[in-house]
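Structural characterization, general
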Amino acid sequence: MAYPKVSIITIVYNNVRDIGYTLSSVDQQTYPNIEYIVVDGKSNDGTLEVIEQYKDTISKLVSEKDNGIYDAMNKRLVHGNW
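Predicted model, so just to flag it, every value in this text is computed and none were measured.

Attention shifts here to the packing of aromatic side chains. Counted under the stated rule, the structure contains one aromatic pair. Ring centres of Y3 and Y31 lie 5.7 Å apart, and the angle between their planes is 85 degrees; on these two criteria the pair is classed as edge-to-face. Taken together, the residues Y3 in the segment before β1 (6-12) and Y31 in the loop between α1 (19-27) and β2 (34-40) connect sequence positions 28 residues apart. Using a relative accessible area of 40% as the deciding quantity, one classes Y3 as partly exposed.

Quick look at the structure:
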């Protein structure tokens, strides 16, 4: 049976305290066709080090400066710049 792809996108910036909970939750999903995209705003507080621990769960990681959460979401969705 072919399973439709489900995309999950996490937007994060300097949230070392909580990002592990989100990454762990996605990691524990059992659906077989998940595309997991993490968009980081160029964190400098240890967030990227936590993200690195889940590299096998993440399909695509983008870490670059943006103009806030809505900019990060919109430039990925509108431009498809994965």
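Counting buried positions along β2 yields five of seven residues, so the element is predominantly enclosed. One ladder, built from seven bridges, connects β1 with β2; its direction is parallel. Residue pairing in the sheet places S7 in a bridge with E35 of β2. Note that the unit made of β1, α1 and β2 has a crossover that is right-handed. Examined bridge by bridge, β2 and strand β3 (residues 60-63) share four bridges and lie parallel to one another.

Our next topic: the side chain of T47. Secondary-structure assignment places T47 in helix α2 (residues 47-52). Classification of T47 by relative accessible area gives buried; the value is 0%. Those residues in contact with T47 that sit more than four places away from it in its chain are V12, N14, N15, V16, I19 and D40.

Look at N14: it is not a glycine, yet its phi comes out positive at around 45 degrees. Within the secondary structure, N14 is located in the loop between β1 and α1. Looking at N14, the relative accessible area reads 27%, which means it is partly exposed.

This next bit is on the side chain of T10. Structurally, T10 can be placed in strand β1. Beyond its immediate chain neighbours, meaning those up to four positions away, T10 contacts I19, T22, Y36, I37, V38 and V39.

Bringing the sheet that holds β3 into the picture now. A sheet is described by the order of its strands in space; here three strands give the open sequence β1-β2-β3, paired in parallel fashion. A strand with exactly one partner marks an edge of an open sheet, and here the two such strands are β1 and β3. If you compare each strand with its neighbour and ignore which way they point, the axes differ by 15 degrees on average.

Here we take up α1. Within α1, burial applies to I19, G20, L23 and V26. Buried residues of α1, viewed axially, fall in a sector of 130 degrees; they line one side. Buried residues in α1 make contact with β1, β2 and α2.

Calculation rules
- Residues numbered from 1 in each chain as written.
- Predicted model: local features only at pLDDT ≥ 70, side-chain atom pairs only at ≥ 80, totals over all residues.
- Heavy atoms only, no water.
- Phe/Tyr/Trp six-rings, centres within 6.5 Å; stacked < 30°, edge-to-face > 60°.
- Helix = DSSP H or I, 4+ residues; strand = E, 2+ residues; numbered from the N terminus.
- Buried < 20%, exposed > 50% of the residue type's maximum accessible area, 1.4 Å probe, protein only.
- Pairing = 2+ DSSP bridges.
- Right-handed = clockwise from strand over helix to strand, strands pointing away.
- Contact = heavy atoms within 4.5 Å.
- Axes fitted to C-alpha atoms, helices over the stretch in contact; angles between N-to-C directions.
- Arc of directions from axis to C-beta.

Purely spatial values, then, with no claim about function.
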